Structure formats: structure tokens, C-alpha cells
Amino acid sequence: MAVSWDRLWASWRVGAARASFLSLGMAPRPRPLARTPLQCPWSVTPVSSMATVKGELIKNLTSEVAVPHNKVSIIGTGSVGMACAISILLKGLSDELALVDAAEDKLKGETMDLQQGSQFMKMPNVVSSKDYAVTANSKLVIITAGARQEKGETRLNLVQRNVAIFKTMISNIIQHSPRCKMIVVSNPVDILTYVAWKLSEMPQNRVIGSGCNLDTARFRFLIGQKLGIHPESCHGWVLGEHGDSSVPVWSGVNVAGVPLKHLNSDIGTDKDPEQWRDVHKDVIASAYEIIKRKGYTSWAIGLSVADLTESILKNLRRVHPVSTMIKGLYGINEDVSLSVPCILGENGITDLIKVSLTPEEEARLKKSAETLWGIQKDLKF
């Protein structure tokens, strides 16, 4: 094909002019796309409307704002807090779990670790922050944070330090979730349940101490070990303080409705040749033994708290020995929080079960109350 020298000369002049513009730092004026359509086999789509994998995969039918209906928040991501978290996750009890801790690196690490196991859990969302705003609209808040007892520190001084910590925690919890229920797990749990109730000014049914739910589980397990029966089929209660002054209710221990006291009238006493009283001694010693061997307790209390959580969120109305204000019961006249059998449902503690105790058991329960009041009465709020 013949090429016109005039057309080549014209093309060279335009190219030279463009080069001179560029050398001066000036950009040539672009020609309007509408006048000069691109002659190429593909099309160019503006970045703002480029297809994404998500857009190509999913056809959206309606906008949806995620609103959790059974949100649970856990304050404190230590060994107990994380045991509570994993136990609740594995039961699939909540549609959002929020974690709060002042130690940001540990908090982030624990959150990532849980999130990356999402495939194995029936729960869509795990969030965390040191800001309590992340707990907003929680149905249930579980408190596991608090000061640890230092060597040589009195119990009163430990509790007083925890009062200062709880002031900040409770204020933030109520600010963001004014209608929540609270489960206090931090030790000494009975006194701190009282502290949480006092600071929050919430109705007593919404402030619950994990109390003797674990002590009772240990009691039933050890009875089951002696009898060769699953703990779930061993019925018995430990009431009062979650600690050394707890009260085993031997008068009510039964299997399939058969009271063990009918089979051994001295059961649980010093006169008992089978030494069943050692079962309760082992309940008290269990925590000390576990701490001695592994440094802390975590799994059993985590499972216990998940058990309480299930009763509340599912409104199961099951009976649990949890810590609540019991002034006026069993001859106790002080504002103390102790474990008694309580019915748990969506409103927290809905009812108390009035257990028939022997005079000796009732006396021990009053002694437990006096032990706690001896510390509580000197607290400064």
C-alpha cells in the first residue's frame, strides 16, 4: 500500500509538538472519549464500578443491620475469663461475644485465637476492646477481672482494692448496658457480688454471684466417685460462702430419691465410720490442690459459668446454688450475699427455694454469713 509522504510529515509534526509540551512539564489536552472511541477488543470499566468477588458471588436482597439478641460480654481475659468464653462459645449460647481487658496485646491475641476457630463454633461474632463501648447492649455481663491477693495481704485489704476496681467496671457496664444481668465470678465472689449490687444500684435479681454452683458440682462429682454413679444422678447441695465456710447439706443428699441419711444416719458427721465428711473437705481443698499443681483454676469454673449463662439466656428456670442477698432468711440479719438454691431465667434470679435445713446446717449457714459480714462491715465505698 502506498504511503503518503504528506501524511507522514503531518504525523511527525504532531509528535514533535507533543514532545515539546511534555519537555516543558505540560500535559497535552486529552481528547474527549465521546468523540474518539477506543478501538480495542476490551472495555475499560471505571474503578468505582468494578466488579468484586463478593459482588459477583452474592446478590443482595435487603440491607441488614446486625443487632445481637443474646450478646454476652466478659470482663477480664485471664485464665478464668477465657475458660468462660470458650465454654459459652462451644455451647452456642450467644450471637455476639465481647471481651474487655486493659492488657491490649493479650486481649488482641486471645480474640484472634477465638476468631480463627469460628468454623468450629456456632457463633458469628467475637469482638474486643479495652473500651467498654464494645459491650453495649449486652444481655449478660460476666465479671472475672479483679485484684489478686498479694503475699501477706489481709482479705479486707484485698477486697478494698477490688472495690476501687469495681467502681470503674460497674459504672462502665451500666452506662453501656443498663438492662443487663451480671454474673460476678471474681473472688472473693460473695463479697464482690455484694459490692457489685451496692455500686450498680440494680435490683438484686440481676446481680448474681457464681457462688457455690461449682462447689456443688465438685460435691456431686466426689459423691459419684464413691458410689460409682454419674454426678448428674447424685443430688446434693453446698450452700453459703464459696470458700472454707461453705455448708454441705447432707440432710438432702439423695440418689433417685433415696436419702443417703436414711441409709447412714451419721453421714457427714464425725461419728460416720465411712468418713463421708471427707467429701466436703475435698470440695474445699480442691481449688488449693489444683492451684498448687497448675497455678490456677479455670476449666471447671468456666463450665460452671456457661451452665448459669445457659439457664439465663434460654430462660430454663433451672435451680442453681448462686450467691444473692439473703437478709431475712435463716435468721440472717446482715446485708450479705450467700449461695442458696435459686431459680434462674431471663430476668436473672426469679425465685429462691426455701430449703429445709437441720438446726446444725442452719447454724453453719449463719456462721458463714458472720464470716463475710466481719469483712464487709468495714468496707469503704
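In the block above lies the structure referred to throughout.
Residues numbered from 1 in each chain as written. Predicted model: local features only at pLDDT ≥ 70, side-chain atom pairs only at ≥ 80, totals over all residues. Heavy atoms only, no water.

## As for the environment of Gly209
Move 1: With respect to the helices and strands, Gly209 occurs in strand 6 (residues 207-209).
Move 2: Look at Gly209 and you get buried, because its relative accessible area is 0%.
Move 3: Along the primary structure Gly209 and Met182 are separated by 27 residues, whereas in three dimensions their C-alpha atoms are 8.2 Å apart.
Move 4: Leave out the neighbours within four places in its chain, and Gly209 touches Val184, Val189, Thr193, Val322 and Ser323. (Helix = DSSP H or I, 4+ residues; strand = E, 2+ residues; numbered from the N terminus. Buried < 20%, exposed > 50% of the residue type's maximum accessible area, 1.4 Å probe, protein only. Contact = heavy atoms within 4.5 Å.)

## Examining the environment of Gly268
Move 1: Structurally, Gly268 is set in the loop between helix 8 (260-263) and helix 9 (277-294).
Move 2: For the pair Gly268 and Trp250, spaced 18 residues apart in the sequence, the C-alpha separation amounts to 6.3 Å.
Move 3: Setting aside chain neighbours within four positions, we find Gly268 in contact with Trp250, Trp276 and Arg277.

## What to know about the pairing of strand 2 (residues 96-100)
Move 1: Within strand 2, five of the five residues are buried, which leaves the element mostly enclosed by the surrounding structure.
Move 2: Covered by surrounding structure in strand 2 are Glu96, Ala98 and Val100 together with Leu97 and Leu99, the residues of both alternating faces.
Move 3: As defined by bridge partners, strand 1 (residues 71-75) adjoins strand 2 across five bridges and the pair is classed as parallel. Residue pairing for strand 2: Ile74 is matched across the bridge by Leu99.
Move 4: On the question of chirality, the crossover connecting strand 1 to the parallel strand 2 by way of helix 3 (residues 79-91) is right-handed.
Move 5: Note that strand 2 and strand 3 (residues 126-129) share four bridges and pair parallel. Each residue of the ladder has a partner; that of Leu97, found in strand 3, is Val126.
Move 6: Note that the unit made of strand 2, helix 4 (residues 104-115) and strand 3 has a crossover that is right-handed. (Pairing = 2+ DSSP bridges. Right-handed = clockwise from strand over helix to strand, strands pointing away.)

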